[in-house]
Amino acid sequence: VGTSAAFNPDAVIFPRGCWIEGRYELGDDDEIEVIRPSDGKWVKTERGASDVLVDKAVLSAARAFRSSGWSTLGPGKRAKVLHAWADLVDAHREHLAQLESVVSTRLVQDAKHRDVALSVALIRYYAESLDKLHDQVHPTDPSVLSITLREAHGVVAAIAPWNAPLLLAMAKLAPALAAGNSVVLKPSELTPYSALELASLAHRAGLPSGCLNVLIGYGNTTGAKLVKHPQVDYVSFTGSTVSGARVMADAAASGPKPVALELGGKSPHVVLADAPNLDHVADMIATHVNRNAGQVCSAGTRLVVERRIAEKLIEKVVDRLRLARPGPTWSSTATLGPIISAKQAQRIEDILGRGQSSGAQIIEGGTRVESTGNGVFFRPTVAVGMTPENAIVAEEIFGPVLAVQVFDDFEQALLLADHTTYGLSAAIHTANLDRALCAARHIQAGTVWVNTYGLSEVAAPFGGYKKSGFGKEFGLAGLEKYYRHKHIRMQLGAHSVLGNR
Ligand code: NAD
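Values in this document were obtained by computation on a predicted structure and should not be read as measured data. (Residues numbered from 1 in each chain as written. Predicted model: local features only at pLDDT ≥ 70, side-chain atom pairs only at ≥ 80, totals over all residues. Heavy atoms only, no water.)

A.B. asks: Just give me the short version of the overall build of the protein, but keep the residues and values in it.
C.D. replies: Within the protein one finds 16 helices and 22 strands. Computed over the C-alpha atoms, the radius of gyration of the protein is 24 Å, within 12% of the 23 Å expected from 2.2 N^0.38 for a compact globule of 501 residues. Considered along the principal axes of its C-alpha atoms, the protein spans approximately 80 × 60 × 40 Å. Here the protein holds 501 residues, and the buried ones make up 57% of them. By sequence separation, contacts in the protein at least 24 residues apart represent 74% of the contacts at least 6 residues apart. Here the protein carries 51 positive and 50 negative side-chain charges, and the mean point of each set is 4 Å from the other. (Helix = DSSP H or I, 4+ residues; strand = E, 2+ residues; numbered from the N terminus. Rg over C-alpha atoms; globule rule 2.2 N^0.38 Å. Buried < 20%, exposed > 50% of the residue type's maximum accessible area, 1.4 Å probe, protein only. Contact = heavy atoms within 4.5 Å. Lys, Arg positive; Asp, Glu negative; His and termini not counted. Charge placed at Lys NZ, Arg CZ, Asp CG, Glu CD.)

A.B. asks: Before we move on, can you summarise the packing of aromatic side chains with the specific residues and values?
C.D. replies: The final tally for this structure, using the stated rule, is six aromatic pairs. Between the aromatic rings of Phe 14 and Tyr 193, the centroid separation amounts to 4.6 Å while the plane-to-plane angle is 45 degrees, which identifies the pairing as tilted. Here Phe 14, found in the segment before β1 (18-20), pairs with Tyr 193, found in helix α6 (residues 193-205); they are 179 residues apart in sequence, far enough to count as distant. An identical accessibility class is assigned to Phe 14 and Tyr 193; each is buried. Between Trp 19 and Tyr 24, the ring centres sit 4.9 Å apart and the planes meet at 75 degrees, which makes this aromatic pair edge-to-face. Looking at Arg 78, its charged tip hangs above the ring of Trp 70, at a distance of 5.7 Å from the centre. Its end group placed over the ring of Phe 410, Arg 435 keeps NZ or CZ at 4.7 Å from the ring centre. (Phe/Tyr/Trp six-rings, centres within 6.5 Å; stacked < 30°, edge-to-face > 60°. Lys NZ or Arg CZ within 6 Å of the ring centre and 35° of its normal.)

A.B. asks: Got a sec to walk through the nonpolar core? Specific residues and values, please.
C.D. replies: One finds Trp 85, Val 89, Leu 122, Leu 173, Val 183, Leu 185 and Leu 212 to be the most contacted residues of the largest nonpolar core, which totals 93 residues. Contact partners of Val 183, with chain neighbours within four places excluded, come to Val 156, Ala 158, Leu 173, Ala 176, Leu 177, Cys 211, Leu 212 and Asn 213. (Core = buried A, V, L, I, M, F, W, Y, C linked by side-chain atoms within 4.5 Å.)

A.B. asks: I'd like a description of the site of the ligand, backed by residues and values.
C.D. replies: Every one of the 28 residues lining the ligand counts as a neighbour, but Ala 160, Glu 189, Ser 243, Leu 263 and Glu 396 are closest to it. In the model, an oxygen atom of the ligand is placed 3.2 Å from a nitrogen or oxygen of the Gly 219 main chain. Ser 240 is positioned such that a nitrogen or oxygen atom in its backbone is 2.9 Å from an oxygen atom of the ligand. For the ligand, the accessible surface in isolation is 840 Å², of which the surrounding protein chains cover 90%. Residue composition of the shell around the ligand, grouped by class: 14 nonpolar, nine polar and five charged. (Near = heavy atom within 4 Å. Polar contact = N/O pair within 3.5 Å; in protein donor to acceptor, adjacent residues only side chain to side chain. Areas by Shrake-Rupley, 256 points an atom, 1.4 Å probe, with all protein chains shown as cover. Nonpolar A, V, L, I, M, F, W, Y, C, P; charged D, E, K, R; others polar.)

A.B. asks: Let's hear about the sheet that holds strand β22 (residues 483-491): which residues, and what values?
C.D. replies: Taken in spatial order, the three strands line up as β5-β6-β22 in an open sheet, and their pairing is antiparallel. The strands lining the two open edges of the sheet, one partner per strand, are β5 (136-137) and β22. Here nine bridges tie strand β6 (residues 144-152) to β22, and the two strands are oriented antiparallel to one another. What sits directly across from Thr 148, in β22, is His 487. (Pairing = 2+ DSSP bridges.)

A.B. asks: Help me get a handle on the packing of helix α3 (residues 93-103) against helix α4 (residues 108-129), residues and values and all.
C.D. replies: Relative orientation of the contacting elements α3 and α4 amounts to 125 degrees, with a least axis distance of 8 Å. The angle between α3 and α4 falls in the class oblique. Considering the relative orientation of α3 and α4, their crossing is right-handed. Two secondary-structure elements touch here, α3 through Arg 93, Glu 94, Leu 96, Ala 97, Glu 100 and Ser 101 and α4 through Val 108, Ala 111, Lys 112, Asp 115 and Val 116. Class assignment of the residues belonging to the contact of α3 with α4 gives a composition of five nonpolar, one polar and five charged. (Axes fitted to C-alpha atoms, helices over the stretch in contact; angles between N-to-C directions. Parallel < 35°, antiparallel > 145°, perpendicular 65-115°, else oblique. Left-handed = near helix turned anticlockwise from the far one by under 90°.)

A.B. asks: Quick rundown of the sheet that holds strand β19 (residues 447-450)? Include the residues and the values.
C.D. replies: An order of β14-β15-β16-β13-β12-β18-β19 is seen for the seven strands of this open sheet, with the pairing classed as mixed. Each edge of the sheet is formed by a strand with only one pairing partner; in this case those strands are β14 (361-364) and β19. Each neighbouring strand pair of the sheet contributes to a mean axis angle of 25 degrees, computed without reference to strand direction. The sheet contact formed by strand β15 (residues 381-384) and strand β16 (residues 401-407) spans three bridges and is parallel. Directly across from Ala 383, in β16, lies its bridge partner Ala 403. The sheet contacts of helix α10 (residues 307-321) involve β12 (267-271), β13 (300-306), β14, β15 and β16, and relative to β13 the element is tilted by about 145 degrees.

A.B. asks: Break down the pairing of strand β3 (residues 31-35) for me, with residues and values.
C.D. replies: The side-chain alternation of β3 yields one buried face, formed by Ile 32 and Val 34, and one unburied face, formed by Glu 31, Glu 33 and Ile 35. Two strands pair when backbone bridges link them, and β3 and strand β4 (residues 42-47) are joined in this way by five bridges, in the antiparallel orientation. Considered in β4, the bridge of Ile 35 is made with Trp 42. If you look at the hairpin formed by β3 and β4, you'll find six residues sitting between the two strands, and Gly 40 has a positive phi there, around 70 degrees.

A.B. asks: Could you give me a rundown of helix α2 (residues 75-91), with the residues and numbers involved?
C.D. replies: The terminal C-alpha atoms of α2, which comprises 17 residues, lie 24 Å apart, in line with the 24 Å expected from a rise of 1.5 Å per residue. Buried positions along α2 lie against α3, α4, α5 (165-178) and α6. (Expected span 1.5 Å × (residues − 1).)

Structure representation (structure tokens):
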């Protein structure tokens, strides 16, 4: 395990508690031990937000929505605050990347150059879109003016996971705030710090107090209380499919109130024998197995490959996976970060074990990296010989595991590409444009990449089909869901010249 450090993890200064009404406030509920996944070292003991603190945060957000002026600010003035926030996030990218990576699985270079950079781009994208979104005027008799206006929902509860804490929080904060909502954010209990820092920077940029509050806490206590709060008007959740279903049930029982769910995935690379450049394809596959040690919702964790090239491609992928350099998230040379917890590593092993007992063979990896202290690192793993029902194919593993499925003809490729449960994203690699488009239209997934892989533009919508969720993030669709639409119909008076014509 490499250790050449990009920063000193012991010197990072952390935010002090929840962020409510423009200041830090210590939690008052269950204790939460925050640890560094890279070496298992204890960082801090936080207290989650109790019912009282959740109530306080939501009432503060509701008050800010009604009377802080943020929701009624003109687009130019709101954009100015958002741009000031983007400037501050950009200026603090080192510190944000350190806060992010020290307690999470994100390598600091990825946190800085990907997550912070994309977060800045997201704020600016939504700030700049505000004066370009036009409301509607409906065709009517001239004596009537009939219009539809966008209005913010009110208080948005935003709940984010641990696997890319900063960027996934920002995918909610930037559009929800741009639309004029107030937000109460609950980051994962494992990784609360980057989100707290984002809130304090927003405050410094001029966002009124209460428009963005952040609560530390467990999902089934603080999170559930937040979702069920009567003054929460909209719930935006990113996490596992199981938790998403619970959140939706709670939102229904306590409202009903609208929810958007960004959930799990099991995305395939479909590789046809005519794929333009197998080395490049192998690079992409290996990169996305290793990135964040496979703990990415859209990771390409299945390889659906044409039999004629299967052996050759698998060999190329394995060669590249062996180059992975495990190391702590603060290392400047590591390319494979840790698994978030020992529990998650056991889950990976459990799925691999069940898969093997139903016939899967592990041809690469399959075990933890030895001598890594108290951090858990998992060797990039390749499994073959599975039916679609095998656990290694059927379940989201959330680790660096590639499940290989081989096909003989294009129809079979399309059948295998469609996962029975998930539909977050997929890729097809081929030189044949007809087949690429046919696959792109056939595959039941929210995103299909052709001869490429991975999220890149903030302008393109991202979000799942099937049990990967609903409600897009990024792009204008990611903004639109934070508005309600109000119809106003105005009967013009007797003096209307047009009406008397
Ligand atoms: P998780 O579902 O355990 O937790 C996610 C968040 O929800 C955490 O903040 C947690 O505290 C909270 N939570 C859990 N139960 C809750 C409840 N009943 N009420 C309210 N809040 C609750 O997920 P995780 O382990 O943190 O993240 C990994 C999962 O997230 C994977 O399944 C991954 O695919 C998914 N994910 C999806 C996307 C996407 O865009 N589709 C992006 C990243 C991660």
